[in-house]
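Residue-level structure breakdown
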Amino acid sequence: MSKRAFPLSGVHALLEPGPVVLLSSAAGGRANVMALSWHTLLEFEPPLVACVISSRNHSFAAIDASGECVINLPGAALADAIVGCGNTSGATLDKFAAFGLSPEPARLVAPPLIRECFASLECRLADRSLVARYGLFIFEVVAAWHDPALPHEPTLHHRSYGEFMLSGPAITLPSRAR
Ligand SMILES: Cc1cc2nc3c(=O)[nH]c(=O)nc-3n(C[C@H](O)[C@H](O)[C@H](O)COP(=O)(O)O)c2cc1C
């Protein structure tokens, strides 16, 4: 595997800026991937992440049944794959093949990591109480990986209908917030 272990204590810093992510899932031995931008952190450690997944998506049933997914963080070089995965259905398309994404086995869950993404977070469902009402899945990140050879910036941030922002330069200010 090209990725190296990433500390769970650092996961919040990957997701806090709100990048578009690629969510991989698996059902019946078949993997799928969708774009997702409606996610938020709920806890630092163990990391808890809430994701809104519409039941209209093919991914929904696989994640609902298995309680597992991988949150993959793509850099802007994967922009075309992000839009492709967000505009096609895994019911009729092998998106890994179609968009040049390479699945790699995860350690603790069945859905694959995506090699071309700079970080991958293995997730297990921690709370399904808001799934029926809002499609809101609360996941615990149980293992995290990153590829030191891939740039972590810029990431894509969705506005709507094909308009994205790219993450920009970092500045450091005298703040004590973790
Ligand atoms: C930039 C972007 C962000 C998206 N964010 C979400 C999201 O947060 N939740 C969601 O349910 N669908 C989201 N989508 C839509 C799904 O990715 C899309 O419906 C996809 O085709 C689902 O694939 P599937 O049917 O194979 O699961 C997003 C799409 C794009 C392009």
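Shown above is the structure to which this text applies.
Residues numbered from 1 in each chain as written. Predicted model: local features only at pLDDT ≥ 70, side-chain atom pairs only at ≥ 80, totals over all residues. Heavy atoms only, no water.

1. Overview of the pattern of salt bridges
Taken as a whole and assessed by the stated rule, the structure comprises four salt bridges. Of the charged contacts in the structure, one is a salt bridge between Arg128 and Asp64, with a shortest N-O distance of 2.7 Å. Of this pair, Arg128 sits in the loop between strand S9 (119-127) and helix H5 (131-134) while Asp64 sits in helix H2 (residues 58-66), placing them 64 residues apart in sequence. Residue class for Asp64 comes out partly exposed when judged on its relative accessible area of 25%. Between Arg115 and Glu104 there is a salt bridge; the shortest N-O distance is 3.1 Å. Taken together, the positions of Arg115 in the loop between strand S8 (113-114) and S9 and Glu104 in strand S7 (residues 103-104) put the pair eleven residues apart, joining distant regions of the chain. (Salt bridge = Lys/Arg side-chain N within 4 Å of Asp/Glu carboxyl O. Helix = DSSP H or I, 4+ residues; strand = E, 2+ residues; numbered from the N terminus. Buried < 20%, exposed > 50% of the residue type's maximum accessible area, 1.4 Å probe, protein only.)

2. Concerning unusual backbone geometry
In terms of backbone geometry, most residues other than glycine have negative phi values and most peptide bonds are trans. Cis geometry is adopted by the peptide bond preceding Pro46, which originates at Glu45 and carries an omega value of -5 degrees. The omega torsion of the bond from Glu153 to Pro154 falls at -10 degrees, within 30 degrees of zero and hence cis. Note on placement: Pro154 falls in the loop between strand S10 (136-146) and strand S11 (156-160). Of note in the backbone geometry, Tyr161 takes a positive phi value of approximately 40 degrees without being a glycine. Counting through the fold element by element, Tyr161 comes out in the loop between S11 and strand S12 (163-166).

3. Comments concerning the environment of Asp94
Here Asp94 shows up in the loop between helix H3 (79-85) and helix H4 (95-98). Counting along the chain gives 62 residues from Asp94 to Asn32, while the straight-line C-alpha distance between them is 7.1 Å. At a separation of 3.1 Å, a polar atom in the side chain of Asp94 contacts the main-chain amide nitrogen of Phe96. Polar contacts involving the side chain of Asp94 include one to the main-chain amide nitrogen of Ala97, which spans 3.2 Å. (Polar contact = N/O pair within 3.5 Å; in protein donor to acceptor, adjacent residues only side chain to side chain.)

4. Brief notes about the pairing of strand S3 (residues 30-36)
Within a regular strand, the side chains alternate between the two sheet faces. Where strand S2 (residues 21-27) meets S3, seven bridges bridge the pair, whose relative direction is antiparallel. Counterpart to Ser25 in the pairing with S3 is Asn32. (Pairing = 2+ DSSP bridges.)

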